[in-house]
2 protein chains.
Amino acid sequence: MKDISELAEKLELTSFNNLELLEQSMVHRSYINEHEFKLGHNERLEFLGDAVLELVVSKDLYEKFPDKPEGQLTSIRAALVRKETLGEVADELQLHEYLKLSRGEAKSASNQMAILSNSVEALIGSIYLDQDLEVAQNFIEKYILSKTKRVLESGEHIDAKSQFQELAQKKDRSTPSYKVMSESGPDHNKIFEVAALINDKEIARGSGNSKQAAEMAAATAALEKYDK
Amino acid sequence: MKDISELAEKLELTSFNNLELLEQSMVHRSYINEHEFKLGHNERLEFLGDAVLELVVSKDLYEKFPDKPEGQLTSIRAALVRKETLGEVADELQLHEYLKLSRGEAKSASNQMAILSNSVEALIGSIYLDQDLEVAQNFIEKYILSKTKRVLESGEHIDAKSQFQELAQKKDRSTPSYKVMSESGPDHNKIFEVAALINDKEIARGSGNSKQAAEMAAATAALEKYDK
């Protein structure tokens, strides 16, 4: 376990006022069961950091892409703040060297990505609280917004179902659902037709050889209609 | 249709630099089909304003409630930024007098709440862009955070299903689902048993006389296990 002051140095945050706050950002809830830590685990910082991240990324995309509609901005943002992207940031910073976990959690690989990704949000929360929005913004620019070009080029932001869900939540504050309308063809080559619904109202249909493929097709068609 | 400068006065934003930006926050996408408006509709501003709102509310709740865990902060925030609350703000400001809609949309009542609530977010986006975060924060304090006490007292923030959904999205970046495990009893007094699942893994079960009631019970039980 490395000392937290090393992390501050790595982040060029040598003027950090309260290093305990930085330390708290690396404390997983499981650690608290086995040990004491005055400030508690990092989930409240994560709550705050998530919102800081969202605003900084939104402002940047708003300015960088004056011609993109909201739906596209939303899906680029989703790709930048998703678990996998933040997990990468955690790897770049070798955050696992500073994370405080229970022994059980440390051994189990299944949840590592979520824990690391959440600790990046908590880290952002601690930088924002101890320093200010500008310093948090510098961190986000360096480690997260720097990946925007790659996200765009690789198409990581194009997952029709997530994109449609984000958009439906923003526009109608509801979650899309999918309904199989028909199944046809022989067992080895079934064709599913699926409808994408919002508030039980059909927006569009799609079909494919699996339910998942048909749902993707329906979401893609629904996006066309929905995000103009 | 009232002049936008009246809205600026009402908001005590007489130093607004670009009134067109304020005007844009009141332009619904349906208006653009029938009329010209140089800056386009308000959805990009809404994208931005939503993130501003989220950060300001999160920071305030983080500071106001130092002892509440993340799950509770998340559900209070959800109650403050939901459609119904923002719709009230729109009513207080009589935003419908400034909103630019197509004739069809203006007549249809069904979508009014979402349109008004979205225009409040767009308004926040325009204040943030034209002025700064502090001015946007003043607006949010005056019209939205002022409702925190009422939200807490009335229990508007306690809807177990939404709370569980928010939390699951934050923690595991996935949406809970519900599955009927059994139905028993006579037709006039059925009992449903429902499981709340995350990533197809059962978190908890609940039962009730309708699917909806059983889902609520399952979500309540799941929250107990999930948000500690």
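To be clear, the structure that these remarks concern was listed above.
Everything numeric here is computed off the predicted structure, so don't read it as measured data.

**Side note on the interface of chain B and chain A**
Then comes step 1: Every contact between the two is made by 47 residues of chain B and, on the other side, 47 residues of chain A.
Then comes step 2: Surface buried jointly by chain B and chain A totals about 3,900 Å² across both partners, of which 50% is contributed by carbon and sulfur atoms.
Then comes step 3: Where chain B packs against chain A, one counts 0 salt bridges.
Then comes step 4: Ranked by the residues each element gives to the side of chain B that touches chain A, the list is headed by helix H4 (residues 43-64) of chain B, at 14 residues.
Then comes step 5: Here the residues of the side of chain B that touches chain A are counted per class, giving 18 nonpolar, 9 polar and 20 charged.

**Some details on the relation of the copies chain B and chain A**
Then comes step 1: Turning chain B through 180° and shifting it by 0.0 Å along the axis lays it on chain A, with an RMSD of 0.2 Å. Viewed as a symmetry operation, the transformation between the two copies matches a two-fold axis.
Then comes step 2: In this assembly the copies share their binding face: 100% of the residues contributing to the interface of chain B also contribute to that of chain A.

**Considering helix H5 (residues 70-81) of chain B**
Then comes step 1: Between its terminal C-alpha atoms H5(B) stretches 16 Å, which fits the 16 Å expected from 12 residues at 1.5 Å a residue.
Then comes step 2: For H5(B), the buried fraction is high: 11 of the 12 residues fall into the buried class.
Then comes step 3: Three or more residues of H5(B) are buried, namely B:Glu70, B:Gly71, B:Leu73, B:Thr74, B:Ser75, B:Ile76, B:Arg77, B:Ala78, B:Ala79, B:Leu80 and B:Val81.
Then comes step 4: Residues of H5(B) that are buried in the fold lie against helix H4 (43-64) of chain A together with H4, helix H6 (83-92), helix H10 (148-154) and helix H11 (160-172) of chain B.

**Some thoughts on the environment of A:Asn209**
Residue and element names in this part refer to chain A.
Then comes step 1: Within the fold, Asn 209 resides in the loop between strand E3 (201-208) and helix H12 (211-226).
Then comes step 2: Accessibility expressed as a relative area gives 53% for Asn 209, which makes it exposed.
Then comes step 3: Distance in space between the C-alpha atoms of Asn 209 and Leu 13 is 53 Å, their sequence separation being 196 residues.
Then comes step 4: Excluding residues that lie within four positions of it along the chain, Asn 209 makes contacts with Asn 189, Lys 190, Ile 191 and Phe 192.

**Notes on the packing of aromatic side chains**
All names here are of chain A.
Then comes step 1: Under the definition given, this model contains 2 aromatic pairs over all chains.
Then comes step 2: Aromatic side chains Phe 139 and Tyr 143 sit 4.9 Å apart centroid to centroid with 40° between the ring planes, which places their arrangement in the tilted category. Here Phe 139 pairs with Tyr 143, and both are found in helix H9 (residues 133-143), just 4 residues apart, close to one helical turn. We note that Phe 139, like Tyr 143, is buried.

**Section: the packing of helix H5 (residues 70-81) of chain A against helix H6 (residues 83-92) of chain A**
Residue and element names in this part refer to chain A.
Then comes step 1: It is at 4 Å that the axes of H5 and H6 come closest, and there the two elements cross at 40°. As the angle between them shows, H5 and H6 are arranged oblique. Across from Ala 79, Leu 80 and Val 81 in H5, the residues of H6 making contact are Lys 83, Thr 85 and Leu 86.
Then comes step 2: For the contact of H5 with H6, the residue count by class is 4 nonpolar, 1 polar and 1 charged.

**Section: the sheet that holds strand E3 (residues 201-208) of chain B**
Residue and element names in this part refer to chain B.
Then comes step 1: The sheet built from 3 strands is open, its strands ordered E1-E2-E3 with antiparallel pairing. Each edge of the sheet is formed by a strand with only one pairing partner; in this case those strands are strand E1 (177-184) and E3. Shown here is a sheet whose adjacent strand axes are inclined to one another by a mean of 25°, direction ignored.
Then comes step 2: With 7 bridges connecting them, E1 and strand E2 (residues 191-198) associate as antiparallel partners. Of the residues in E2, the one forming a bridge with Val 180 is Val 194.
Then comes step 3: On top of the sheet, H11 reaches E1, E2 and E3; it is set at about 25° to E2, its chief contact.
Then comes step 4: Of the strands in this sheet, E1, E2 and E3 touch helix H12 (residues 211-226), which is tilted by about 135° from E3.

Calculation rules
Residues numbered from 1 in each chain as written. Chains lettered and ligands numbered in written order. Predicted model: local features only at pLDDT ≥ 70, side-chain atom pairs only at ≥ 80, totals over all residues. Heavy atoms only, no water. Contact = heavy atoms within 4.5 Å. Buried area = accessible area lost by both parts, 1.4 Å probe. Salt bridge = Lys/Arg side-chain N within 4 Å of Asp/Glu carboxyl O. Helix = DSSP H or I, 4+ residues; strand = E, 2+ residues; numbered from the N terminus. Nonpolar A, V, L, I, M, F, W, Y, C, P; charged D, E, K, R; others polar. Least-squares fit on C-alpha atoms with pLDDT ≥ 70 in both. Expected span 1.5 Å × (residues − 1). Buried < 20%, exposed > 50% of the residue type's maximum accessible area, 1.4 Å probe, protein only. Phe/Tyr/Trp six-rings, centres within 6.5 Å; stacked < 30°, edge-to-face > 60°. Axes fitted to C-alpha atoms, helices over the stretch in contact; angles between N-to-C directions. Parallel < 35°, antiparallel > 145°, perpendicular 65-115°, else oblique. Pairing = 2+ DSSP bridges.

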